[in-house]
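# Reading the structure
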Amino acid sequence: MRVAMIGSGYVGLVSGACFADFGHEVVCVDKDPGKIERLKRNVMPIYEPGLDALVETNVKAGRLSFTTDLAEGMKGAQAVFIAVGTPSRRGDGHADLSYVYAAAEEMAPNIEGFTVVVTKSTVPVGTGDEVERIIREANRQADVAVASNPEFLREGAAIADFKRPDRIVIGVEDDRARAVLEELYRPLYLNQAPIMVTSRRTAELTKYAANAFLATKIGFINEMADLCEKVGANVQDVARGIGLDNRIGSKFLNAGPGYGGSCFPKDTLALIKTAQDNDAPVRIVETVAQSNENRKRAMGRKVIAAMGGDARGRKVGILGLTFKPNTDDMRDSPAIAIIQTLQDAGAQVSAFDPEGVEQAKLVLQNVDYAESPYAALEGADAMVLVTEWDAFRALDLARVKALLKQPVVVDLRNVYRPEEMARHGLSYSGIGR
Ligand code: UGA
C-alpha cells in the first residue's frame, strides 16, 4: 500500500520507517528542506537506537523516500498520516493544533481517489471532526475519510514498540477507512497484536487517558517515596509489594526525579484543559501535574540538603541530562529544573550526558560540559545521578570517591545499593529508601 507520512519528526519517521519495513511504500514529507536533505543522506534528526539502520535498509529497498513536496508525496497514497507536532500552546497549555490544521488544508487539493487521512499526532477529542471539516471545505469533491490512530511509542524503544505493540487503536467512522487501516496493520496480526476499532473520539481520548494514567502511576510512587523517606520505609519494596498484584501491575512504578519528555507534561496539561472546557475536570490529573512540577525543583533542594544545606561556591557534578536514557531529548527534562535550582542557590554545575549535550546547550546556561562521567566529578562537592544511562550503572566507585572533593552522592534513580556506597566511603542518598 502507498502511504504518505506528513511530518518527519519522531513519530512520523519511526512510523514511516516501520511501515516501509512491513513492505508498504512510504513517502515521508516534511517542510524543512534541511531535514529532508539530511534524511536522504541517512542523517537522522533525532537519536533513536536502530532507526538509522532501518531507514537505510528501506531506502535501499526502494520502499521509503523523503520529499518536501506534499503533492508528490501524496501521489497514489491510500493512507495519508498527519504526524506533525502538537506542542503546548503558549499561555494556556492547550494543544497547539495549528500544524495539524495547516497539514489538513494543504493536503486537501491533492486528494485523488478514496483516501484515508489518519491523525497520528496526539490531538484533543474532536480534532478529527475539524480536520474532516477543513478538508471537505477546501475540496468538495474529495472522497475522504478521517481516522484517528494514536501512537504509543516510547522514545528509546520506539521501533520495538511499533513492531510489537501491546495494542493498536483505530478510531474510524467509516467501514472503508477501517478496511484500509486493517490492511495497513495486517503484518502485525502475525504477531497477534490486538487491534481495537473504536469511534474516532474514543481513540483520541484513549491516547490522553493512557498517558495521564501512566503519569499518575509515576506521580503516585514518587509521593510514596517521599513518605518512605519520612517513615523509614523502602519505596522499591513498596513498589514491588503492590506491583505483584496483577490489578496494579509492576511497570511504571520506579520512583525518580519526576517525569519529563515531550509527552507526559504536555499531554496531561492538554487533557486538563479539554476536561475543564467540557465541564468534567480531571482533578486527579491536575494534582499529578502539579505534584510533578513541584518535584523537579524539590530534587534540586534535596541535593543542596545532601551537601549540608548550602550550595554557594559548591560544585555539583551531574550525570545525565536527558529526560530518560537512550534519547537526546531534553524537553521538560527534570535535569533542567534541578540544575537551575542549584545555580540559583549559587552552585557551579558540571555535567556529562552520552547523547544530550547538544540539546542541553540550547536550554541551559553556564554549565561546564565534561567529556566523561569521571571528568564531570573532578573536584565536585556532590555527584548527582539524574538519568539512568547504562554508562552510569557500573561506575568505578573508588575512582568516584577519589575524584570528589566531598564524598556526597545523590542517586535520583536508585541505581546503586546503599551498602555498596557506604563500603566505598560515600555518603549516599537515593529516592525513598
Ligand atoms: C510516553 C509513553 O510511555 C508512550 O507510551 C507514549 O507513546 C509516549 O509517551 C507519547 O505519548 O508519545 P516517553 O515520553 O517516550 O513515552 O517516555 P516514558 O518511557 O514513558 O518516560 C516518561 C518519563 O517518565 C521519563 O522522564 C521517565 O524517566 C519517567 N518514568 C517512567 C519514571 O520516572 N518512572 C517510571 O517508572 C517510568
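Along each chain, residues carry numbers from 1 onward, in the same order as the chain's sequence is written. Local features in a predicted model are, by the rule used here, given only for residues with pLDDT of at least 70; side-chain atom pairs are given and counted only at 80 or more, and totals for whole chains, interfaces and linings are based on all residues. In computing side-chain properties, one takes all heavy atoms of the structure into account and sets aside hydrogens as well as water.

### A few points about the overall build of the protein chain
The condition is simple: Under the DSSP-based scheme used, a helix requires at least four consecutive residues in state H or I and a strand at least two consecutive residues in state E, with every element numbered from the N terminus. Values of the radius of gyration come from C-alpha atoms, whereas the globule rule sets the reference at 2.2 Å times the count of residues to the power 0.38. Residue exposure (1.4 Å probe, protein chains only): buried if accessible area is under 20% of the type maximum, exposed if over 50%, otherwise partly exposed. Throughout, a residue-residue contact means that at least one pair of heavy atoms, one from each residue, lies within 4.5 Å. Throughout, the Shrake-Rupley method with a 1.4 Å probe supplies accessible areas, and for residues the shown protein chains are the sole cover considered. Counted charges follow a simple rule, with Lys and Arg positive, Asp and Glu negative, and His plus the chain ends left uncounted. A charged residue contributes its charge at one atom only: NZ of Lys, CZ of Arg, CG of Asp or CD of Glu.
Across its full length, the protein chain holds 18 helices and 14 strands. Here the C-alpha atoms of the protein chain give a radius of gyration of 23 Å, agreeing with the 22 Å that 2.2 N^0.38 yields for 433 residues. Scored against the burial criterion, the 433 residues of the protein chain give a buried share of 52%. When contacts within the protein chain are restricted to residue pairs at least 6 apart in sequence, those whose partners lie at least 24 apart make up 73%. With the model as given, the accessible surface of the protein chain reaches about 19400 Å², and the carbon-plus-sulfur share is 48%. Each charge class in the protein chain can be summarised by its mean position, and for the 52 positive and 58 negative side chains these summaries are 3 Å apart.

### A word on the sheet that holds strand 9 (residues 315-319)
Quick reminder of the rule: Pairing between strands is defined by DSSP: at least two bridges between the two strands are required. Axes here refer to lines fitted to C-alpha atoms; in helices the fit is confined to the stretch in contact. Angles between the N-to-C directions go from 0 to 180 degrees.
Read from one edge to the other, the open sheet built from six strands follows the order 11-10-9-12-13-14, with strand pairing classed as parallel. Each having just a single partner strand, strand 11 (367-369) and strand 14 (427-429) make up the two edges of the open sheet. Across the sheet, the mean angle separating the axes of adjacent strands is 20° when strand polarity is ignored. Bridge count for strand 9 against strand 10 (residues 348-352) is five bridges, and the pairing is parallel. Residue pairing for strand 10: Leu319 is matched across the bridge by Phe352. Seen against the sheet, helix 13 (residues 283-306) touches strand 9, strand 12 (382-385), strand 13 (408-411) and strand 14 and runs at an angle of roughly 155° to strand 13.

### A look at the domain arrangement of the protein chain
What counts, and what does not: Boundaries between domains were set according to an automatic or database domain assignment. When two parts are put together, the accessible area they lose, computed with a 1.4 Å probe and summed over both, is reported as buried area.
One can read the domain layout of the protein chain as domain 1 (2-198) and domain 2 (199-433). Relative placement of domain 1 and domain 2: their C-alpha centres are 32 Å apart. The interface is formed by 35 residues belonging to domain 1 together with 27 residues belonging to domain 2. Buried surface at the junction of domain 1 and domain 2, summed over both partners, amounts to about 2700 Å²; 54% is from carbon and sulfur atoms.

### Side note on the environment of Val349
Relative to the helices and strands, Val349 is located in strand 10. Spatially, the C-alpha atom of Val349 lies 31 Å from that of Leu214, the residues being 135 residues apart in sequence. With residues up to four places along the chain from it excluded, the contact list for Val349 reads Val316, Ile318, Ile339, Leu342, Gln343, Asn366, Val367 and Asp368.

### Comments concerning the nonpolar core
For clarity, the threshold we go by: Note on terminology: a nonpolar core comprises buried Ala, Val, Leu, Ile, Met, Phe, Trp, Tyr and Cys residues joined through side-chain atoms within 4.5 Å.
Judged by nonpolar contacts, the single largest core of 41 residues is most densely connected at Phe19, Leu51, Leu64, Phe66, Phe81 and Leu181. No other element matches the eight residues that helix 1 (residues 10-21) contributes to this core. Discounting residues that sit within four places of it in the chain, Phe81 has contacts with Val3, Ala4, Met5, Ile6, Phe19, Val118, Lys120, Asn149, Leu181 and Leu184.

### Brief notes about the site of the ligand
As a reminder of what qualifies: Residues are labelled near a given molecule or strand when at least one of their non-hydrogen atoms is within 4 Å of it. Any pair of nitrogen or oxygen atoms within 3.5 Å is treated as a polar contact; in protein, a donor-acceptor pairing is required on top of that, and neighbouring residues in sequence qualify only through side-chain atoms on both sides.
What surrounds the ligand is a group of 19 residues, the closest being Leu153, Glu155, Lys207, Asn211 and Cys263. Glu155 is positioned such that a nitrogen or oxygen atom in its backbone is 2.7 Å from an oxygen atom of the ligand. Taking Phe323, its main chain carries an N or O atom lying 3.0 Å from an oxygen atom of the ligand. Listing elements by their share of the shell around the ligand, those giving two or more residues are helix 10 (200-231) and helix 12 (264-277). Sort the elements by how many residues they give to the shell around the ligand and helix 10 lands first, with three residues. In this structure, the shell around the ligand is formed jointly by two domains, domain 1 (2-198) and domain 2 (199-433), each of which donates at least three residues.

### Examining helix 3 (residues 51-60)
The following threshold applies: Each direction from the helix axis to a C-beta atom contributes to the arc, which is the arc of those directions.
Taken as a whole, helix 3 has its buried residues at Leu51, Leu54, Val55 and Asn58. All buried residues of helix 3 lie within an arc of 95° about the axis, which places them on one face of the element. Summarising the contacts, the buried residues of helix 3 are in contact with helix 1, strand 3 (64-67) and helix 7 (158-163). Where helix 3 terminates, the next one or two residues include Gly62, which has phi positive at roughly 80°.

### As for the environment of Tyr99
Take Tyr99: it is sitting in helix 5 (residues 98-107). Put simply, Tyr99 and Gly7 are 92 residues apart on the chain and 9.5 Å apart in space, counted from C-alpha to C-alpha. Look past the residues within four positions of Tyr99 in its chain and what remains in contact with it is Val84, Gly85 and Pro87.

### What about the packing of helix 10 against helix 11 (residues 235-243)?
Operational definition: Should an angle lie under 35 degrees it is considered roughly parallel, over 145 roughly antiparallel, and from 65 to 115 roughly perpendicular; all remaining angles are considered oblique. Two helices crossing with the near one rotated counterclockwise from the far one by less than a right angle form a left-handed crossing, whereas a clockwise rotation gives a right-handed crossing. Three residue categories are used. Nonpolar comprises Ala, Val, Leu, Ile, Met, Phe, Trp, Tyr, Cys and Pro, charged comprises Asp, Glu, Lys and Arg, and polar comprises the others, including Gly.
Where helix 10 meets helix 11, the axes come as close as 9 Å, and the angle between the chain directions of the two elements is 135°. By the angle between their directions, the pair helix 10 and helix 11 is classed as oblique. Considering how the two elements wind past one another, helix 10 and helix 11 form a crossing that is right-handed. Of the residues in helix 11, those in contact with Phe220, Ile221, Met224, Ala225 and Cys228 of helix 10 are Val235, Val238, Ala239 and Ile242. When the residues that make up the contact of helix 10 with helix 11 are grouped by side-chain class, the tally is nine nonpolar, no polar and no charged.

### Things to note about the packing of aromatic side chains
Two descriptors summarise a pair of aromatic rings, namely the distance from one centre to the other and the angle between the planes of the rings. As a reminder, the rule being used: Stacked, edge-to-face and tilted are the three classes for Phe, Tyr and Trp ring pairs, Trp counted by its six-membered ring, which pair at centre distances within 6.5 Å; planes under 30 degrees apart are stacked, over 60 edge-to-face, the rest tilted. A ring has a charge above it when a Lys NZ or an Arg CZ is no more than 6 Å from the ring centre and no more than 35 degrees off the ring normal.
Using the criterion set out here, one finds nine aromatic pairs in the structure. Between Phe19 and Phe22, the ring centres sit 6.4 Å apart and the planes meet at 75°, which makes this aromatic pair edge-to-face. Linked through ring pairs, Phe19, Phe22, Phe81, Phe162 and Tyr185 together constitute an aromatic cluster. The ring of Phe152 carries Arg167 above its face, with NZ or CZ at 3.5 Å from the centroid. Cation over ring: Arg399 sits above Tyr374, and NZ or CZ is 3.9 Å from the ring centre.

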